[in-house]
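Coordinate inspection notes
Chain by chain, the residues run as shown.
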Amino acid sequence: MFASHDVNTRFFYALYNNVCCVILPIQFNELPLYTKRLSECVIEKRILIREVEKIKLRFRKIKQRNNLAKRRNNLLKLEKKKMRFNMKKLILCIMLFLPCILTAQGLRAIYSFTTYSSEQGNYVDLNTSIDLQSLVVSEQGAKVELTTLICDVEKPDKVYYVDKKILNAEVSEIGNQKQMLDVQRVKLQNGIYLLYMSFKDLNSQNQPVEIKDAIKVDYPDGELALSDVQIINKPEKSTSKALNVKHGYVITPYSFDAIAQGVNRLDYYVEVYNADKYFAKDSLYILSAVIENLSTNRKVENFARIERVRAKQTTAHIGALDITELPEGSYYLTLEIRDANNILHAYKREAFYRQSDKKQSINADIPRDAFVFELTNEQLDENIKTLEPIASEAVKEFIRKDLPTATKEVKQYFLYNYWKNENSISPQTAWYEYRTRLEYVNRTYTTNIKPGYLTDMGRVYLVYGPPSYVIDEKFKASSGMKKRTLNDLAATPGMEKRSGDGVNYLPYQMWRYDKTPFGESNRMFVFYAKQNDMSEYTLLHSNAKGEINEIYWEDVLSRYTLGPGIEGEAGVQFRKGHK
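Residues numbered from 1 in each chain as written. Predicted model: local features only at pLDDT ≥ 70, side-chain atom pairs only at ≥ 80, totals over all residues. Heavy atoms only, no water.

Digging into the nonpolar core
Counting 39 residues, the largest nonpolar core has Phe371, Leu387, Leu415, Trp419, Trp511, Phe525 and Phe527 as its most contacted members. Of all elements in the fold, only α7 (377-385), α8 (393-402), α9 (408-422), α10 (427-445), α11 (456-464), β24 (508-515) and β25 (521-528) reach the threshold of two or more residues within this core. For Trp419, the contacting residues outside a window of four places in its chain are Phe371, Leu387, Ile390, Pro427, Ala430, Trp431 and Tyr434. With 36 residues, the next largest nonpolar core counts Leu126, Leu135, Ile211 and Ile232 among its residues. (Core = buried A, V, L, I, M, F, W, Y, C linked by side-chain atoms within 4.5 Å. Buried < 20%, exposed > 50% of the residue type's maximum accessible area, 1.4 Å probe, protein only. Helix = DSSP H or I, 4+ residues; strand = E, 2+ residues; numbered from the N terminus. Contact = heavy atoms within 4.5 Å.)

Overview of the environment of Gly329
Summarising the element assignment, Gly329 is placed in strand β18 (residues 329-338). With a relative accessible area of 9%, Gly329 lands in the buried category. Sequence spacing of Gly329 and Ala258 is 71 residues, and the spatial spacing of their C-alpha atoms is 9.9 Å. Setting aside anything within four residues of it in sequence, one finds Gly329 in contact with Phe352, Tyr353 and Arg354.

What to know about the side chain of Thr386
Relative to the helices and strands, Thr386 resides in the loop between α7 and α8. Thr386 gets classed as buried once you look at its relative accessible area, which sits at 2%. Polar side-chain contacts of Thr386 include one of 2.9 Å to the backbone oxygen of Glu382. Apart from residues no more than four positions distant in its own chain, Thr386 is found in contact with Tyr434, Arg435, Leu438 and Tyr453. (Polar contact = N/O pair within 3.5 Å; in protein donor to acceptor, adjacent residues only side chain to side chain.)

Structural notes on the pattern of salt bridges
Under the counting rule described, the total for this entry stands at 24 salt bridges. Note that Arg338 is salt-bridged to Glu336, the shortest N-O span being 3.1 Å. Residue Arg338 is classed as buried on the basis of its relative accessible area of 14%. Glu520 is the salt-bridge partner of Arg523, the closest N and O atoms lying 3.7 Å from each other. Overall, the relative accessible area of 22% leaves Arg523 in the partly exposed class. One network of salt bridges, with partners in common, ties together Asp125, Arg185 and Lys246. (Salt bridge = Lys/Arg side-chain N within 4 Å of Asp/Glu carboxyl O.)

Topic: the pairing of strand β3 (residues 121-131)
Burial of β3 is extensive: ten of the eleven residues sit out of reach of the surface. As paired elements, strand β2 (residues 109-118) and β3 share ten bridges and run antiparallel to each other. Looking at the pairing, Ile110 lines up with Ser129 of β3. Counting the residues that bridge the hairpin from β2 to β3 gives two residues. Here β3 pairs with strand β6 (residues 179-187) via nine bridges, running antiparallel. Bridge pairing links Leu126 to Gln184 in β6. (Pairing = 2+ DSSP bridges.)

A short note on the sheet that holds strand β20 (residues 469-473)
Taken in spatial order, the four strands of this open sheet run β20-β24-β25-β26, and their pairing is antiparallel. The sheet is open, and its two edges are formed by β20 and β26 (538-542), each paired on a single side. Neighbour-to-neighbour, the strand axes of this sheet turn through a mean angle of 20°, independent of strand direction. Looking at chain direction, β25 and β26 are connected through four bridges and run antiparallel. Looking at the pairing, Tyr528 lines up with Thr538 of β26. Running at roughly 15° to β24, helix α14 (residues 569-576) makes contact with β20, β24, β25 and β26 of the sheet. (Axes fitted to C-alpha atoms, helices over the stretch in contact; angles between N-to-C directions.)

A short note on the environment of Met510
Here Met510 lies in strand β24. Placed 64 residues apart in sequence, Met510 and Phe574 show a C-alpha to C-alpha distance of 7.4 Å. The contact partners of Met510, leaving out residues within four places of it in the chain, are Tyr469, Val470, Ile471, Met524, Phe525, Val526, Trp553, Ala570, Gln573 and Phe574.

Regarding the packing of aromatic side chains
A complete count under the given rule lists 24 aromatic pairs for this structure. Look at Tyr219 and Tyr273: their rings are 5.6 Å apart centre to centre, the planes differ by 90°, and that puts the pair in the edge-to-face class. Taken together, the residues span a long stretch of sequence, with Tyr219 in the loop between β8 (209-217) and β9 (225-226) and Tyr273 in strand β14 (residues 265-273) at a distance of 54 residues. Note on Tyr445 and Tyr461: the rings are 6.4 Å apart at their centroids and 55° apart in plane angle, and the pair reads as tilted. Placement of Tyr445 in helix α10 and of Tyr461 in helix α11 is noted, with a sequence separation of 16 residues between them. An aromatic cluster of at least three residues, connected via ring pairs, comprises Tyr440, Tyr445, Tyr461, Tyr464, Trp511, Tyr513, Phe518, Phe525 and Phe527. The positively charged end of Lys246 is found above the aromatic ring belonging to Tyr116, 4.0 Å away from the centroid. The ring centre of Tyr332 lies 4.0 Å from the NZ or CZ of Arg349, which sits over that ring. (Phe/Tyr/Trp six-rings, centres within 6.5 Å; stacked < 30°, edge-to-face > 60°. Lys NZ or Arg CZ within 6 Å of the ring centre and 35° of its normal.)

Side note on the sheet that holds strand β11 (residues 236-237)
In spatial order, the strands read β11-β13-β12; together these three strands make up an open sheet with antiparallel pairing. The sheet is open, and its two borders are formed by β11 and β12 (245-246), each paired with just one other strand.

Let's talk about the packing of α9 against α10
Packed helix pairs are characterised by how far apart their axes lie and by the angle those axes make with each other. Two elements in contact, α9 and α10, have axes whose closest approach is 8 Å; the angle formed by their N-to-C orientations is 95°. Here α9 is positioned roughly perpendicular relative to α10, judged by the angle of their axes. Contacts between α9 and α10 involve Tyr416, Trp419, Lys420 and Glu422 on the former and, on the latter, Pro427, Ala430, Trp431 and Tyr434. Considering only residue class, the contact of α9 with α10 consists of six nonpolar, no polar and two charged. (Parallel < 35°, antiparallel > 145°, perpendicular 65-115°, else oblique. Nonpolar A, V, L, I, M, F, W, Y, C, P; charged D, E, K, R; others polar.)

In short, geometric facts, not functional conclusions.
Written out as structure tokens, the structure is:
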């Protein structure tokens with residue numbers, strides 16, 4: 001995990017807390033608790049405990065909001081199951097973009113931590129890199145005071161590791177090197193820990209740059225596992241016993257928070273533990289390195305490295321992927337352990353950002369055989385416009401304002417994702433079913449001035465489907481004594497009964513739906529020809545939720561001759577749902 005910090009402390013805290021609010025709903029059960037500023041390793045127990053309690057309360061509130069979100073959208077649960085990665089990865093994916101924001105004056109520090117396991121126990125490597133160009137240089141050179149503290153999350157006064165050191169760079173060295181590097185190795189048991197680091201430029205009056213993070217160590221005894229994946233510079237052979245030498249190679253973390261445009265090789269280092277106990281000693285398993293899209297978790301084609309490995313207690317792997325053609329964007333480097341049947345048994349992933357002049361298409365995540373790629377630009381326009389009867393206000397806004405100037409790629413993206421939201425398993429099926437219904441509506445309800453889908457009958461048919469029963473009255477004469485409804489009697493108790501002899505209705509149709517797509521039963525729709533012109537029927541009244549509800553609809557239907565509150569034969573039909 002890399003994070004760059006070049007800003008005054010207060011601004012960084014505000015942004016960091018905001019980042020936490022974004023990522024909490026994705027992975028709550030592995031979240032760290034963060035404490036107040038620890039200055040020069042002097043911990044005041046009262047302050048820390050009070051801050052932890054405040055953050056616990058904030059997390060509980062966010063968890064409540066998260067639970068409400070889960071109930072509102074069951075599909076979100078499925079997505080969360082696919083995204084069970086630890087907090088370290090989540091923070092990185094946000095932090096990758098921080099250098100664009102955090103450009104205030106002062107020291108610039110990049111750090112990473114990577115956990116490993118060994119016969120002697122579990123440990124974490126803390127790697128830091130300080131930009132020498134961001135330091136104030138005196139006659140004695142550049143000096144940075146680095147303070148490191150690792151303590152218990154629940155009991156901040158319980159300290160596992162503390163260190164304070166002065167990093168030096170002489171004036172003669174500064175011109176030849178760009179970074180001041182440091183490595184610390186700390187032995188830790190399985191658990192979650194609070195990490196605090198402070199970088200103070202001793203030649204500057206600026207406040208120290210501080211980093212707070214959570215370290216998770218999880219290597220159960222005897223179980224198949226991988227170390228954290230580490231993106232590194234190109235390794236070099238060495239016989240040195242320095243901390244950054246592993247299995248005969250100098251392993252130097254890639255000291256930037258994004259893979260620069262000119263870097264076309266992605267080197268990595270990972271260790272596999274207990275494969276001999278899991279697969280049987282010296283048996284073969286598959287270790288694959290793949291690149292996945294960070295937002296969709298889909299593998300990017302043509303970027304993979306696969307090797308067959310013999311199972312041993314501990315195996316170190318150094319590999320590289322050619323990323324020359326990888327478009328700009330956010331990705332995961334994922335290391336997977338699979339058996340001979342291609343069944344996944346374990347994996348670890350590391351997020352990174354690729355800078356490149358090759359821009360990723362917005363349709364890169366749409367399957368190549370998707371129906372939208374078979375449509376012409378004019379067909380895309382027609383398909384999107386005909387969504388209006390069933391669309392939300394946001395979609396209607398796009399159709400009215402943005403569609404005329406949208407590119408073909410944007411239209412493809414919009415149409416595919418609209419139907420993907422309707423049917424995540426088969427968007428094409430949902431699209432085809434709607435097209436079939438649309439063709440019927442346009443054949444049946446199109447007028448001289450309107451396509452069928454823009455008429456009231458067309459809209460109701462598209463939204464609710466075919467009616468269960470239709471009453472079609474082109475020329476309906478009504479006669480005899482008419483009875484008022486109970487509701488009308490209550491609303492206008494002084495109105496006398498009237499005779500409805502000779503009442504003529506405008507042409508009308510009634511549609512009954514035994515069941516609607518929205519869970520309602522026995523809903524009725526009354527359409528009528530306003531000007532006695534049967535070329536188009538307008539919706540007059542319905543008892544369906546959200547539709548037009550005209551109290552005295554039957555009086556309107558009778559050209560206001562029946563009288564408000566009087567029930568005629570059309571009203572009886574409406575109540576019964578049939579003639």
